[in-house]
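The lines below spell out each chain.
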Amino acid sequence: MCYTRLVHRGVFCLFETRNIEMTKFNCRYRSEWKFLLSGCLAAFWFGTIPPSVDGQELRSFTVGKKFEVRVVDESQQPVGNAQVTVFGISLKAGGFAYTHQPAQMTDQDGRVDLVVGTSDFLKEGQEIASFELVISHPDHVEQWTKLDYSKPESLVTLESGCRFKLQAVDGETGEVIRDGLVMLSGRNRTADWRLVDDHWISPPLPVENDVVRLVQVANGQAIRFSQDLILRPESKTEISLDDVPLFTGVEVHGQLTGDFIAPVSGGQIAVRVVSKVKSEALPSWEWLDIIDVAEDGSFLVPCLPPDSVAGFLASAPGLVSRNPANERSSYHRYHQLHYLEDEALRVEIEMERTTNLKVLVVDEAGEPLDGAAAISQIAEIFPPELCFVGKGSSTRYLLWRKTLEWRAWTVHERYKFITDRDRENQQRSTNSQGEAIFNDVPAGKNFHVFVNREGFELEETVSELQSGQSHSITITLRRLRR
């Protein structure tokens, strides 16, 4: 079998709200690594889209099926000139791939004809179960919807939602902020705001609670953040808020310690920041960053959201940050937590040496098998305060580059902005000699590797890896009996 990875939907947004509370309290989630691992393995082993296709853009369609979609409002009146984008397809056998087809507009009766089908990149005979659409209209809430591939006609209802109007100001000078405003949302919405008479106006948004941060990312200026805004819209109306102050972010100065010996090159710090204000009803926004480490082991994170929870995970050639004392799992890497206030922070991150592991995969006759998937349990498992799994990139860098271009992005480009942050890094494929190499993996007593290849049984092995040493293991795969 081939593997596929779970596709995470998240996106940064430009939107706003009302009934704001600025509060400070902690809520904790419980994370179960066994549940997360089983979910990842299910994605790896039961997906059927080839690794080169899954999560990638499907451009060329050779077989298609015609669909008619009618878009109406809450009064069942047709919505003309709504933009309809085919976002992705799901297969009956499992697996998802997003597509990149040109957006189409509904006619005055709210109708649009779509052609959705298999791609040159997909294997013959694979059946599509459903496809996803994004429907946008300036007078309605942007709608993400999944449609049954077996039904040639579908009806989609758009909500009117509520609009928000706010004025953002520099917290130091009181000057109105007129450019570079972005909103980080716990609800992961995509929305374009427009500036009218010094106020930021949102498109229609769902009537539901959210926790957000306003961020200003403007050329030549330090990044500014608001405090957490707890948004509780109560009706489908326009809600106004004036003078939301934004302040320069928090600097974090750090130093690698422990087994670290200068000089070192190629060191990086992965940072993930979330709100202190979060619960099941109020999921947190997130801020990600990747920072290079100097040869002497020092680093500077220039600008993080104040009054928040920050996790730091460090790596360098041959080194990885040591897990907290209460987290001794060798195959999970836990961020080191620090609580950001309003002032600059200094942190030390203790490092430990990693190891290398060569996995040799052979058949029952001892012949090497190429193309086998070897998957480790290495993962960034975030503590309850962070409640997120995945490898991040830099929000700061991406927003510096893209803030002014955001409105020109297509739905596909916005989605790719997010999915590119979350590439899996724990899978290897064996080469022609049957070898798969895991470099710089954490040492420990129970390092799990799962190996599979189409036509063979899944195998698992557990190894003890010593810090600073290289190891080699051989795994024999047995053919499936028919």
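Just so it is clear, the model here is predicted, and its values are computed rather than measured.

What counts, and where the lines are drawn
Residues numbered from 1 in each chain as written. Predicted model: local features only at pLDDT ≥ 70, side-chain atom pairs only at ≥ 80, totals over all residues. Heavy atoms only, no water. Helix = DSSP H or I, 4+ residues; strand = E, 2+ residues; numbered from the N terminus. Buried < 20%, exposed > 50% of the residue type's maximum accessible area, 1.4 Å probe, protein only. Contact = heavy atoms within 4.5 Å. Areas by Shrake-Rupley, 256 points an atom, 1.4 Å probe, with all protein chains shown as cover. Pairing = 2+ DSSP bridges. Axes fitted to C-alpha atoms, helices over the stretch in contact; angles between N-to-C directions. Core = buried A, V, L, I, M, F, W, Y, C linked by side-chain atoms within 4.5 Å. Salt bridge = Lys/Arg side-chain N within 4 Å of Asp/Glu carboxyl O. Phe/Tyr/Trp six-rings, centres within 6.5 Å; stacked < 30°, edge-to-face > 60°. Polar contact = N/O pair within 3.5 Å; in protein donor to acceptor, adjacent residues only side chain to side chain. pLDDT = per-residue confidence, 0-100.

A.B. asks: What is the right way to read the overall build of the protein from this model?
C.D. replies: Helices and strands together make up the secondary structure of the protein, namely 3 helices and 33 strands. Relative to its full complement of 482 residues, the protein shows a buried share of 51%. For the protein, long-range pairs separated by at least 24 residues make up 75% of all intrachain contacts whose partners lie at least 6 apart in sequence. Accessible surface, the protein as shown: approximately 22,100 Å² in total, 47% of it carbon and sulfur.

A.B. asks: How should I be thinking about the sheet that holds strand β6 (residues 111-116) in this particular structure?
C.D. replies: Sheet strands line up and pair through hydrogen bonds in the backbone, either parallel or antiparallel. Taken in spatial order, the 3 strands line up as β6-β2-β9 in an open sheet, and their pairing is mixed. At either margin of the open sheet sits one strand with a lone partner, and together these are β6 and β9 (153-157). Averaged over all adjacent pairs, the angle separating strand axes in this sheet is 30°, with direction ignored. The sheet contact formed by strand β2 (residues 65-72) and β6 spans 6 bridges and is antiparallel. Directly across from Val69, in β6, lies its bridge partner Val112.

A.B. asks: Even after reading the chapter, I still don't get the nonpolar core, so can you show me in this structure?
C.D. replies: Considering soluble globular proteins, one finds that nonpolar side chains tend to be buried as a cluster. Counting residues in each nonpolar core, the largest one holds 33 residues, and the members touching the most others are Leu256, Ile269, Trp287, Phe299, Leu304 and Phe312. One finds Val69, Leu91, Ile135 and Tyr149 within the second-largest nonpolar core, a separate group that totals 20 residues.

A.B. asks: Would you mind showing me how to read the environment of Val362 here?
C.D. replies: Note on placement: Val362 falls in strand β26 (residues 345-362). Judged by its relative accessible area of 8%, Val362 falls in the buried class. Between the C-alpha atom of Val362 and that of Ile475, which follows or precedes it by 113 residues, the distance is 6.3 Å. Beyond its immediate sequence surroundings of up to four residues, Val362 is in contact with Glu367, Pro368, Leu369, Thr474, Ile475, Thr476 and Leu477.

A.B. asks: Any chance you could explain the pairing of β26 here in plain terms?
C.D. replies: Regular strands show a simple pattern: their side chains alternate between the two faces of the sheet. Bridge count for strand β18 (residues 250-258) against β26 is 7 bridges, and the pairing is parallel. Bridging from a neighbouring strand, Leu256 pairs with Ile349 of β26. Where strand β23 (residues 319-321) meets β26, 3 bridges bridge the pair, whose relative direction is antiparallel. If you follow Val320 over to β26, its bridge partner there is Glu352. As paired elements, β26 and strand β30 (residues 435-442) share 6 bridges and run antiparallel to each other. Counted as the bridge partner of Val359 is Ala436 from β30. Where β26 and strand β33 (residues 470-476) come together, 7 bridges link them in parallel fashion. Each bridged residue has a counterpart across the sheet, and for Leu360 the counterpart in β33 is Thr474.

A.B. asks: Help me out: how do you make sense of the sheet that holds strand β32 (residues 459-465) in this one?
C.D. replies: Read from one edge of the open sheet, 4 strands run β29-β27-β31-β32, paired in antiparallel fashion. Since the sheet does not close on itself, it has two edges, and those belong to β29 (427-429) and β32, each with one partner. Strand-to-strand twist across the sheet, computed as the mean angle between neighbouring axes with direction ignored, equals 25°. As paired strands, strand β27 (residues 373-376) and strand β31 (residues 444-452) are joined by 4 bridges and run antiparallel to one another. In the strand pairing of β31, Ala373 is matched with Asn452.

A.B. asks: Would you mind showing me how to read the pattern of salt bridges here?
C.D. replies: Here the idea is simple: oppositely charged side chains can pair when their charged atoms come close. Under the definition given, this model contains 18 salt bridges. Here Glu68 and Arg111 are joined by a salt bridge, their closest N and O atoms 2.8 Å apart. With a gap of 43 residues between them, Glu68 in strand β2 and Arg111 in strand β6 connect regions that are remote in the sequence. Taken together, the shared-partner salt bridges connect Glu68, Arg70, Asp109 and Arg111 into one network.

A.B. asks: I'm lost on the packing of aromatic side chains in this one. Help?
C.D. replies: Note on aromatic pairs: each is described by the distance of the centres and the angle between the planes. What the rule picks out here adds up to 5 aromatic pairs. Centre to centre, the rings of Phe131 and Tyr149 are 6.3 Å apart; their planes meet at 90°, and the pair counts as edge-to-face. A residue pair is termed long-range when its members are at least 10 positions apart, and Phe131 in strand β7 (residues 128-137) and Tyr149 in the loop between β8 (140-148) and β9 qualify at 18 residues. An identical accessibility class is assigned to Phe131 and Tyr149; each is buried. Judged by centre distance (5.0 Å) and plane angle (80°), the rings of Phe225 and Trp287 are edge-to-face. Of this pair, Phe225 sits in strand β15 (residues 224-225) while Trp287 sits in strand β20 (residues 286-292); the two residues are 62 residues apart in sequence, bridging distant segments of the chain.

A.B. asks: Before we go on, may I ask you to explain unusual backbone geometry in this structure?
C.D. replies: Across the chain, the bulk of peptide bonds are trans and the bulk of non-glycine residues have phi less than zero. Omega for the peptide link from Ala262 to Pro263 comes to 0°, which places this bond in the cis form. Tracing the chain through its elements places Pro263 in the loop between β18 and β19 (268-275). The backbone phi angle of Asp197 is positive, close to 50°, even though this residue is not glycine. In this structure, Asp307 is a non-glycine residue whose phi angle is positive, near 55°. By the element assignment, Asp307 lies in the loop between β21 (298-304) and β22 (308-316). Of the residues examined, Asp307 reaches a relative accessible area of 7% and is grouped as buried.

A.B. asks: Explain the environment of Asp363 to me, please; I cannot follow it from the model alone.
C.D. replies: By the element assignment, Asp363 lies in the loop between β26 and β27. By relative accessible area, Asp363 is classed as buried at 13%. Residues Asp363 and Arg478, 115 residues apart in the sequence, show an inter-C-alpha distance of 6.3 Å. The residues contacting Asp363, other than those within four sequence positions of it, are Leu369, Phe456, Thr476 and Leu477. There is a polar contact of 3.0 Å between the side chain of Asp363 and the backbone nitrogen of Ala365.

A.B. asks: It is not clear to me how the confidence of the model for the protein should be interpreted in this structure. Could you clarify?
C.D. replies: Atom-level detail of predicted coordinates should not be read off regions where pLDDT is low. Confidence in the prediction for the protein averages 77 pLDDT; 72% of positions are at 70 or higher. Contacts from residues 1-62, a stretch scored under 50 in pLDDT, to residues over four places away or in other chains number 203 contacts. Predicted confidence for residues 418-425 stays below pLDDT 50, and this span has 22 contacts to residues more than four positions away or in other chains.

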